[in-house]
Amino acid sequence: MFEVRAFDRTTVNMITFGSGLVSNSRWSVLLESTAMKLVGEYNDYYFSDHVGTSWIHVAMVYDGATLSLYEDGVLVDTASVTTPFATDNSYDLIFGADSLDRADEYLDGDLRDIRAWNRALSESEVAAELTSGAADPTDLIGHWPLDEGNGTTVADASGNGHDGTIYGATWTGCRSEEHTSELQSPDHLVCRLLLEKK
């Protein structure tokens, strides 16, 4: 789950895991002009969404059979998954761009408060995460608030040590909003981290 806002929806990745050059070896949550898409093992799943220039909380939950999209804690769309995900896990988790081996489809927008869980959260847990962090923290794999403001490390606040490294980006300062953490893509210098397109 994560919070996002997008200024341009022309095929941009929000979160990617796996290889972008090898068929059926990655998953990616991306925005296209008319839908949010999860590129999965052998299949692409399209969802109705409401991502725009205002912040929205997004959660994608996979329970082994169904992929569910939540926005601001409300279930908005589902898809049946016929082929289990089997992504090559030797690759890095990437925020705001496609996989490192492709380095394209950059997010023109902001990300913050990214969290990954080792189980499917219930609908009530997804809703509660907006205000109280109700899901059991022992099930949290990683939590990246993106609020460092300097340096080249994105700290994992879960306590699991899954810190990230910033490549091709520059911190641009901090301004106070409802949260203090934002990841900013090119052309909009209103937030903390400017990604540099290659």
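Note: the structure precedes this text.
A word on the pairing of strand β4 (residues 36–39)
Here β4 shows two buried faces, one formed by M36 and L38 and the other by K37 and V39. Alignment of strand β3 (residues 26–31) against β4, held across four bridges, turns out to be antiparallel. Among the inter-strand pairings, L31 is bridged to a residue of β4, identified as M36. Here β3 hands over to β4 after four residues, the two strands then running antiparallel side by side.

Some details on the nonpolar core
Judged by nonpolar contacts, the single largest core of 28 residues is most densely connected at F2, V4, M14 and L111. Contributions of two or more residues to this core are made by β1 (2–8), β2 (12–18), β3, β4, β5 (44–47), β6 (56–62) and β7 (66–71). Apart from the residues within four sequence positions on either side, M14 is in contact with F2, V4, V29, L30, L31, M36, I94, F95, G96, L107 and L111.

Side note on unusual backbone geometry
For D72, which is not a glycine, the phi torsion comes out positive at approximately 50°. Positive phi, normally seen in glycine, also occurs at D113, with a value near 50°. In this fold, D113 is placed in the loop between β10 (108–112) and β11 (114–117). Classification of D113 by relative accessible area gives buried; the value is 11%.

Notes on the environment of N13
Looking at the element boundaries, N13 is found in strand β2. Between the C-alpha atom of N13 and that of L38, which follows or precedes it by 25 residues, the distance is 9.8 Å.

A few points about the sheet that holds β4
Read from one edge to the other, the open sheet built from five strands follows the order β5-β4-β3-β2-β9, with strand pairing classed as antiparallel. The two strands at the open ends of the sheet, each matched to only one other strand, are β5 and β9 (93–95). Strand-to-strand, the axes of this sheet are offset by a mean angle of 10°, without reference to chain direction.

Quick notes on the side chain of D139
With respect to the element layout, D139 can be found in the loop between α1 (123–129) and β12 (140–144). A residue is classified by how much of its surface remains accessible, and D139, at 18% relative accessible area, is buried. Within polar-contact distance, the side chain of D139 engages the side chain of R119 at 2.6 Å. If we skip the residues at most four places from it in the chain, D139 touches W117, N118 and R119.

Structural notes on a nonpolar patch on the surface
A surface patch of nonpolar side chains, about 290 Å² in accessible area, is lined by L21, V22 and Y91. Turning to its location among the elements, V22 is positioned in the loop between β2 and β3.

Criteria and thresholds
Residue numbers run consecutively from 1 along every chain, following the written order of its sequence. It should be noted that, the model being predicted, local features are given only for residues of pLDDT at least 70 and side-chain atom pairs only at 80 or more, the latter also being counted only at that level, while totals for whole chains, interfaces and linings use all residues. With hydrogens and water excluded, all non-hydrogen atoms of the structure serve as input to the side-chain values. The buried label applies to any residue whose accessible area, calculated with a 1.4 Å probe on protein chains only, is under 20% of its type's maximum; exposed applies above 50%, and partly exposed to all values in between. Think of it this way: any DSSP run of H or I at least four residues long counts as a helix, any run of E at least two long counts as a strand, and we number them from the N terminus. When DSSP finds two or more bridges between a pair of strands, those strands are recorded as paired. Think of a nonpolar core as a cluster: buried Ala, Val, Leu, Ile, Met, Phe, Trp, Tyr and Cys residues, connected wherever their side-chain atoms sit within 4.5 Å. By the convention used here, residues are in contact when the closest approach between their heavy atoms is within 4.5 Å. An axis is simply a line fitted to the C-alpha atoms; with a helix, the fit covers only the stretch in contact. Between two such axes, the angle follows the N-to-C directions and lies from 0 to 180 degrees. Polar contacts, as used here, are pairs of N or O atoms within 3.5 Å; protein pairs need one atom able to donate a hydrogen and one able to accept it. Residues neighboring in sequence count only if both atoms are side-chain atoms. Patches were defined on residues exceeding 30% relative accessible area and lacking a salt bridge, with like-charge contacts within 9 Å and nonpolar side-chain contacts (Val, Leu, Ile, Met, Phe, Trp, Tyr) within 5 Å. Reported accessibility uses the Shrake-Rupley method at a 1.4 Å probe radius. Residues are deemed covered only where the shown protein chains occlude them. One side-chain nitrogen of Lys or Arg within 4 Å of one carboxyl oxygen of Asp or Glu is enough to make a salt bridge.

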